[in-house]
Amino acid sequence: MSISVKSLVKEFADKKHGTVRAVQNVSFECNSGKIFGLLGLNGAGKTTILRIICTVLKAQSGQVTVDGYDVNTHANEVRKRIGFLPAESGVYSYFTPREILSYYARLCKYPEEKVESRVSKLISLLDIDEFADKYAKGLSSGMRQKVCLARSIVHDPPVIIFDEPTNSLDVLTRVSVHDFIREQRDAGKSIVLSTHIMSEAEKLCDQIGILHSGKLLALGTLDELRQESGKQSLEDIFIWCVRKDRNALE
């Protein structure tokens, strides 16, 4: 397996509420050639989990490994194997997309003799050709997002983490991004996709984890979740899971 998350717990100190447990005993796996969807509302704990996988945050307890490397004891090895697209990311205004991708490829120590061909391939794959040599300051939000997507995988990592990759995008750009994510899966990448868009998870994910208030309420394929809940749409399944959890607490 490429990503293994076991019994993950993350707590934060809060002046008003004391200790807040943002992630509560979460476990899941994501293998090569698969898309794992982490589905939840804003504030559910999705980004916290992704940042722990990417070695940005440390958990209180539990274990996370990427390609067999522990995120705490072998953080540098993990970082080499991960491409991370955060929910909010910017681009250098006075660099062109081609310059941005070339810079990041070299920053990630991608083989120098392959940088130009790798950048050209991504520009073609994401249909960036039309604006590849224009300053980023003049690009639309959708164009910038495509550049950020390409930048996150320019070093050709085996594991990709996407945090809300289509947030605020128009429908045509969203479809283009979906196609790109599928192509990465078909190339054998392990992909963890965080989203609160139910239809996006339905279309893309091989397995789905429903996260609410830091707890993983359900885990399985869409068909398995349908069978367990008796619901058909992922939106109805999500509501069923949340209500079931709330009833259990009463």
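For the structure itself, look to the data block above.
Residues numbered from 1 in each chain as written. Predicted model: local features only at pLDDT ≥ 70, side-chain atom pairs only at ≥ 80, totals over all residues. Heavy atoms only, no water.

1. Digging into the overall build of the protein chain
The helix and strand inventory of the protein chain stands at nine helices and 10 strands. By its C-alpha atoms, the protein chain is 60 × 40 × 35 Å across when sized along the principal axes. When each of the 250 residues of the protein chain is scored for burial, the buried share is 47%. Considering only residue pairs separated by 6 or more positions, the protein chain has 66% of its internal contacts joining residues 24 or more positions apart. As presented, the protein chain carries roughly 12600 Å² of accessible surface, and 46% of it is formed by carbon and sulfur atoms. On the protein chain, the mean spot of the 34 positive side-chain charges and the mean spot of the 32 negative ones are 4 Å from each other. (Helix = DSSP H or I, 4+ residues; strand = E, 2+ residues; numbered from the N terminus. Buried < 20%, exposed > 50% of the residue type's maximum accessible area, 1.4 Å probe, protein only. Contact = heavy atoms within 4.5 Å. Areas by Shrake-Rupley, 256 points an atom, 1.4 Å probe, with all protein chains shown as cover. Lys, Arg positive; Asp, Glu negative; His and termini not counted. Charge placed at Lys NZ, Arg CZ, Asp CG, Glu CD.)

2. Brief notes about the environment of Asp223
With respect to the element layout, Asp223 can be found in helix H8 (residues 222–229). The exposed category is assigned to Asp223, whose relative accessible area is 54%. Remark: the alpha-carbon pair of Asp223 and Asp156, spanning 67 residues in sequence, is separated by 32 Å.

3. Some words on the sheet that holds strand E3 (residues 34–39)
Spatially, the six strands line up as an open sheet ordered E6-E7-E8-E3-E9-E10, and their pairing is mixed. Strand pairing shows two members of the sheet lacking a second neighbour, strand E6 (82–85) and strand E10 (215–220), which therefore form its edges. Sheet twist, expressed as the average angle between the axes of neighbouring strands with direction ignored, equals 15°. Relative to strand E7 (residues 159–163), E6 is paired through four bridges, and the arrangement is parallel. In the strand pairing of E7, Ile82 is matched with Val159. Taken strand by strand, helix H5 (residues 141–152) contacts E6 and E7, and its axis lies near 160° from that of E6. (Pairing = 2+ DSSP bridges. Axes fitted to C-alpha atoms, helices over the stretch in contact; angles between N-to-C directions.)

4. Notes on H8
Of all the residues in H8, the buried ones are Leu222, Leu225 and Ser229. All buried residues of H8 project into a common sector of 60° when viewed along the axis, lining one side. What points out from H8, more than 90 degrees from its buried face, is the exposed set Asp223 and Gln227. Gly230 sits one or two positions beyond H8 and adopts a positive phi of about 80°. (Arc of directions from axis to C-beta.)

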